[in-house]
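Observations on the model geometry
Each chain is listed here by its residues.
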Amino acid sequence: MHRGRLLASAMTVQVVLFAGALGTTVAGHDKVGTAVRYTLIVLLGLVMRLQNAVVRRLGVPDLSTTVLTLTLIGLAADSGPTGGAAPRPGRRILSVLAMFLSALAGAVLLKIGISLVLAVALALLATGAAVLWRPSVPGAGWAAAP
């Protein structure tokens, strides 16, 4: 499959799943009771699994989106006297920084309510999906297999 289309399609599916999660919390009046909790676990678990599968399929080197520990271990193992110089530490450091800042922003927003966290995530995903559909046309240079 065309890499650009794969990424854009996956993000579109994630938008639908996040919209379902947001709708669930809004219907539950921002209270996470048993039914809301289990619905969120299923919907957001599917989002995470899809994200991980797509990153593996795209073959992005040195980046693990759902395993922060592996990224940190990779940074530590590839630096210092035993591992030598890390080949591309910038990507790993940026991914750790992005995950940290995202977690911090999510924690701050969660003080207001879970619906706000999901709405912000949904807006970011929808924007990303909309932006990705344009350059995912056949023949786009970045979408060629590595």
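Residues numbered from 1 in each chain as written. Predicted model: local features only at pLDDT ≥ 70, side-chain atom pairs only at ≥ 80, totals over all residues. Heavy atoms only, no water.

1. Considerations on the confidence of the model for the protein
Inclusion rule: On a range of 0 to 100, pLDDT expresses the predictor's confidence in each residue. Each helix corresponds to a stretch of at least 4 residues labelled H or I by DSSP, and each strand to a stretch of at least 2 residues labelled E; elements are numbered beginning at the N terminus.
With 77% of its residues at a pLDDT of 70 or more, the protein has an overall mean of 81. Here helix H4 (residues 80-83) stands out as the element of the protein with the lowest mean pLDDT, 57, in contrast to helix H1 (residues 3-27), whose mean of 91 is the highest.

2. Re the side chain of Thr24
Heads up, the rule is: By definition in these notes, contact holds between two residues if any of their heavy atoms fall within 4.5 Å.
With respect to the helices and strands, Thr24 occurs in helix H1. When near neighbours in sequence (up to four residues on either side) are disregarded, Thr24 contacts Val36, Thr39 and Leu43.

3. Looking at unusual backbone geometry
Negative phi is the rule for most residues except glycine; trans is the rule for most peptide bonds. Rule in force here: Each residue gets one of three labels from its accessible area relative to the maximum for its type: buried under 20%, exposed over 50%, partly exposed in between, using a 1.4 Å probe on protein chains only.
Non-glycine residue His29 carries a positive phi angle of around 55°. Within the secondary structure, His29 is located in the loop between H1 and helix H2 (34-58). Even without glycine at this site, Asp30 takes up a positive phi of about 65°. Mapped onto the elements, Asp30 comes out in the loop between H1 and H2. Residue Asp30 is classed as partly exposed on the basis of its relative accessible area, which comes to 32%.

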